[in-house]
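Close look at the chain arrangement
The primary structure of each chain is shown beneath.
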Amino acid sequence: MADDDLAAIRAKRMAELQAMRGGGGGQDQQKQQEERIKQMEDMKNGILSQVLDQEARARLNTLMIAKPEKGRQVEAMLCQMAQSGQLGSKLGERDLKDLLERFNDGKSSSKVKFDRRRAALDSDED
């Protein structure tokens, strides 16, 4: 095969792939989506910086590292409380701890129950 043939095959394949993705507009949509996500992150960080002081923000960042899902839930809750006017002033570390404790009280923790009697009755000596 000549280089011209390979170039034609590549061009045809690229056209097929772009047609499957919806043409060149896929990149524009992806850029718009990334821009919206960036704007939402900036807005969230702005709200959190207005609502939390330095120590509380550090504690929230530590929570995000240890438990990302729980950290996102707490961030969403704080943003919602700030937007609805439930937070009067900046929250300190102690206030954030109290809020986290109240948040944890609503969640039930799963426990593992081990029945030692059944394990003790089961013997491998027989």
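Summarised in this report is the structure supplied together with it.

Counting secondary structure elements, the protein chain contains 6 helices and 0 strands. Moving toward the C terminus, one meets the helices and strands of the protein chain in the order α-α-α-α-α-α. Here the analysis covers contacts within the protein chain between residues at least 6 apart in sequence; of these, 62% occur between residues at least 24 apart. For the protein chain, the exposed area adds up to about 10700 Å²; of that, 49% sits on carbon and sulfur atoms.

Between its first and last C-alpha, helix α4 (residues 68–84) extends 24 Å over 17 residues, near the 24 Å set by a 1.5 Å rise per residue. If you check which residues of α4 are buried, you get K70, G71, V74, E75, L78, C79 and M81. Of the residues flanking the end of α4, it is G85, one or two places downstream, whose phi is positive at about 85°.

Mapped onto the elements of the fold, R57 is located in helix α3 (residues 54–66). Here N45 takes part through its side chain, which lies 3.3 Å from a polar atom of the side chain of R57. The residues contacting R57, other than those within four sequence positions of it, are N45, L48 and L52.

Moving on, we come to the nonpolar core. Formed by 17 residues in total, the largest nonpolar core has its most connected members in L52, L60, V74, L78, L91 and L96. Of all the secondary structure elements, the ones that give two or more residues to this core are α2 (25–51), α3, α4 and α5 (93–106). When near neighbours in sequence (up to four residues on either side) are disregarded, L91 contacts V51, L52, D53, A56, L78 and L99.

Another point: the pattern of salt bridges. Taken as a whole and judged by the stated rule, the model has 6 salt bridges. With a closest N to O distance of 2.7 Å, E93 and R59 form a salt bridge. With a gap of 34 residues between them, E93 in helix α5 and R59 in helix α3 connect regions that are remote in the sequence. Classification of E93 by relative accessible area gives partly exposed; the value is 28%. Assessed through its relative accessible area of 30%, R59 is described here as partly exposed. Here E69 and R72 are joined by a salt bridge, their closest N and O atoms 3.1 Å apart. Here the residue E69 and the residue R72 both occupy positions in helix α4, the gap between them amounting to 3 residues, near one helical turn. The class of R72 is partly exposed, set by a relative accessible area of 46%. In this structure, a network of salt bridges that share partners links the residues E41, K44 and E75.

Reading the values: rules and limits
Residues numbered from 1 in each chain as written. Predicted model: local features only at pLDDT ≥ 70, side-chain atom pairs only at ≥ 80, totals over all residues. Heavy atoms only, no water. Helix = DSSP H or I, 4+ residues; strand = E, 2+ residues; numbered from the N terminus. Contact = heavy atoms within 4.5 Å. Areas by Shrake-Rupley, 256 points an atom, 1.4 Å probe, with all protein chains shown as cover. Expected span 1.5 Å × (residues − 1). Buried < 20%, exposed > 50% of the residue type's maximum accessible area, 1.4 Å probe, protein only. Polar contact = N/O pair within 3.5 Å; in protein donor to acceptor, adjacent residues only side chain to side chain. Core = buried A, V, L, I, M, F, W, Y, C linked by side-chain atoms within 4.5 Å. Salt bridge = Lys/Arg side-chain N within 4 Å of Asp/Glu carboxyl O.

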